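Inside the fold
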Amino acid sequence: MNTYRIAAVHGDGIGHEIVPAGMKVLHAAAQKHGFTLESETFLWGAGYYQEHGDFLPENGLEIMKSFDAVYFGAVGLPEVDDTLPFKLFTNLVRTAFKQYVNYRPVKLFDGIESPLRSKTQSDIDFVIIRENNEGEFVQTGRQLYPDNPEGMACDTTIMTRAGIERVAHYAFKLAQKRRKSLTNVTKSNTLIHTLAYWDRIIAEVAEQYPDVAYKKMYVDAASANFVLHPEYFDVILTTNMIGDILSDLGGAIMGSLGLGGSGNLNPEGTFPSMFEPIHGSAPDIAGLNIANPVGQIWSGAIMLEHLGETAAAQDVMYAINQVTASGNLTKDMGGNATTDDIANRAIDALAVNPVNA
Ligand code: ATP
C-alpha cells in the first residue's frame, strides 16, 4: 500500500477550519482507493509570527522538505503587515522548493450559478498556468527619499530564458492533454523588454508543439474575454503578476472565490509541491464554520493527481460536484451549509460513487 506524508499547514483565519475539513475528505478518498495519507499539522503563519517573529521556525523549510507534499490553507491576519505573508511564507516556499508552476483551474460546478448568466459548464473550463518563481514578484527594487519631493521608487521585473522555457514546456504539455489550445496572456506592447522577451521565448517553445493551437492575447483584452467569452480559453500561460490577478477573476466567474483550488508545482519532484486555495485567510468569517472548503478540497484533488493517485483525484472532483449539485452550498454560494456539512457530504458522495471504486 502506498503511503504519502503530508505536511498540513493551516496558516491563519479560515485555514484552521478548511484544512482539517479538506484532510478529512482526502483521508476518506485514500481509504477507498487503498493508499494512506500520513498527515502532520503545522500551525505556522501570521499568528505564529506574532508569537515568534517569523512565519515558520528556522528549520521550517527543512521540516517540510521531508514530506511528499504540503497541504496549505492561507496566511495573513489584519493586525500583521500585509506585505509579510507573501515574503515570509508563500513566496519563500514557492522559490525555495522551485515550485515554478502555479496551476489554477477554472470550471463551473453543477448547482452553482456563474455571475455570467448566459454561460454554461462547457463555456467555463480552462486552466491558468502562472509562472511562479520570477517576473514582477521578485521584489528587487528600492525606495529612495520617499518623504522628499524628489522621492522615487522602483521595482524590477526579472525574466530568465530558463525560467520562461520550463514553465512554457509544462503549459504546452498540459495543453496537449486537454483541448490543444494555449493562449499566452501578456502585455508586451508596453513592457517592451521583459514581456517582449517572454513572448519571444514562448513563441520559440510553441514551434516545438505544432499540435497545439497557439495565440497571444494582451491582458486587457483577456480580462474582457474572461467575462464575455470564457469559452475562448483552454490553457492560459502567463506571468506571475498577471496570473495572480486573472485567477481571482477566474474564481469570481466560477461563482465564488471560495471555490478555487491550486497547486504550486515542482514538476520534477526535486522538492515537495504545495497545494492551496486561491483565496486568502478571510479573517472576517474565521471561526464561524461558514467558510467554503471547496477550494481547499479541490486543491487536495490536485495534490492527489500530482502524487499519482489519479483515480482518487477524479473521485474527489466527482464528490465536490455532487455536493454542489445537490444544493449543499455555503453562504458565499448563496446557501446555508456549514464548512463541516460540505466536507461530510463530500465523504458521503465518495462512499456511494461506484465509479473508481
Ligand atoms: P489575499 O490577499 O491573501 O488573497 P484577500 O485580502 O484578497 O486575501 P480573502 O481573504 O481572499 O482576501 O477574502 C476576500 C473576501 O472573500 C472576504 O470577504 C472573505 O470572507 C471571502 N472569502 C474568501 N475565501 C472564502 C471562503 N473560502 N469561503 C467564503 N468566503 C471566502
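Residues numbered from 1 in each chain as written. Predicted model: local features only at pLDDT ≥ 70, side-chain atom pairs only at ≥ 80, totals over all residues. Heavy atoms only, no water.

Some words on the side chain of Glu131
We count it as follows: Every helix listed is a DSSP run of H or I at least four residues long, and every strand listed is a run of E at least two residues long, numbered separately from the N terminus. We call a residue buried when its accessible area falls under 20% of the maximum for its residue type, exposed when it is over 50%, and partly exposed in between, using a 1.4 Å probe and counting protein chains only. His is not counted, nor are the chain ends, whereas Lys and Arg count as positive and Asp and Glu as negative. By definition, a salt bridge exists where a carboxyl oxygen of Asp or Glu is found within 4 Å of a side-chain nitrogen of Lys or Arg. A contact between two residues is defined here by any heavy atoms of the two lying within 4.5 Å.
By secondary structure assignment, the location of Glu131 is in strand S5 (residues 125-131). In this structure Glu131 is buried but unpaired, with Arg166 as the nearest side chain of opposite charge at 4.4 Å. Once residues lying within four places of it in the same chain are set aside, the contact partners of Glu131 are Tyr100, Gly163, Arg166, Val167, Trp198, Thr238, Thr239 and Asn240.

Quick word on helix H5 (residues 161-177)
The periodicity of an α-helix, 3.6 residues per turn, causes residues three or four positions apart to be oriented the same way. Basically, it comes down to this: An expected span of 1.5 Å times one less than the residue number is assigned to each helix. The arc in question is the one spanned by the directions pointing from the helix axis to the C-beta atoms.
For H5, spanning 17 residues, the distance from its first C-alpha to its last is 25 Å, which sits close to the expected 24 Å at 1.5 Å a residue. For H5, the full list of buried residues reads Gly163, Ile164, Val167, Ala168, Ala171, Phe172, Leu174 and Ala175. Down the axis of H5, the smallest arc covering the buried residues is 155°, so these residues share one side. Those residues of H5 that are exposed and aimed more than 90 degrees away from the buried face are Ala162 and Lys177.

Here we look at the domain arrangement of the protein chain
Quoted interface sizes are often the accessible area lost when the parts come together. Going by this rule: Domains are outlined according to an automatic or database domain assignment. Accessible-area loss on putting two parts together, using a 1.4 Å probe and summing over both, is the definition of buried area adopted here.
Under the domain assignment, the protein chain is made up of domain 1 (1-100 + 267-357) and domain 2 (113-254). Placing the centre of domain 1 and that of domain 2 at their C-alpha centroids yields a distance of 25 Å. Residue-level contacts link 12 residues of domain 1 with 14 residues of domain 2. Summed over both sides, the interface of domain 1 with domain 2 buries roughly 1,100 Å², with 53% coming from carbon and sulfur. It is Phe86, Tyr100 and Ile278 in domain 1 that bury the most area against domain 2; as a group they hold 53% of the surface buried on that side.

Some remarks on the sheet that holds strand S1 (residues 2-11)
Stated formally: When DSSP finds two or more bridges between two strands, those strands count as paired. Note on geometry: axes are lines fitted to C-alpha atoms, helical ones only across the stretch in contact, with angles between N-to-C directions running from 0 to 180 degrees.
Taking strand neighbours across the sheet as the criterion, the 10 strands line up as S2-S1-S3-S12-S11-S4-S5-S10-S8-S9 in an open arrangement whose pairing is mixed. The sheet is open, and its two borders are formed by strand S2 (35-42) and strand S9 (213-218), each paired with just one other strand. Neighbour-to-neighbour, the strand axes of this sheet turn through a mean angle of 25°, independent of strand direction. Strand direction decides the pairing type here: S5 and strand S10 (residues 235-238), joined by four bridges, are parallel. The residue bridging Ile128 from the neighbouring strand is Ile236, located in S10. Of the strands in this sheet, S1, strand S3 (69-74), strand S4 (101-107), S5, strand S11 (261-265) and strand S12 (273-277) are in contact with helix H4 (residues 84-96), which crosses S12 at around 145°. Taken strand by strand, helix H6 (residues 194-206) contacts S5, strand S8 (181-186), S9 and S10, and its axis lies near 165° from that of S8.

Let's talk about the site of the ligand
Stated precisely, the cut-off is as follows: The cutoff for a nearby residue is simple: one of its non-hydrogen atoms must lie within 4 Å of the molecule or strand. A 3.5 Å cut-off defines polar contacts: any pair of N or O atoms within that distance qualifies, except that in protein one atom must be a possible hydrogen donor and the other a possible acceptor, and neighbouring residues in sequence count only when both atoms are side-chain atoms. The protein chains shown are the only cover counted for residues, whose accessible areas, like all others here, come from Shrake-Rupley with a 1.4 Å probe. Here the term charged refers only to Asp, Glu, Lys and Arg, the term nonpolar to Ala, Val, Leu, Ile, Met, Phe, Trp, Tyr, Cys and Pro, and the term polar to all other amino acids, Gly among them.
Within the structure, the ligand sits among Ile14, Leu257, Gly258, His279, Gly280, Ser281, Ala282, Asp284, Ile285, Ala291, Asn292 and Asp332. At 2.6 Å, a backbone N or O of Gly280 approaches an oxygen atom of the ligand. Ala282 is positioned such that a nitrogen or oxygen atom in its backbone is 2.9 Å from an oxygen atom of the ligand. When the ligand is considered free in solution it has 610 Å² of accessible area, and contact with the protein chains removes 58% of it. The residue makeup of the shell around the ligand, split by class, is five nonpolar, five polar and two charged.

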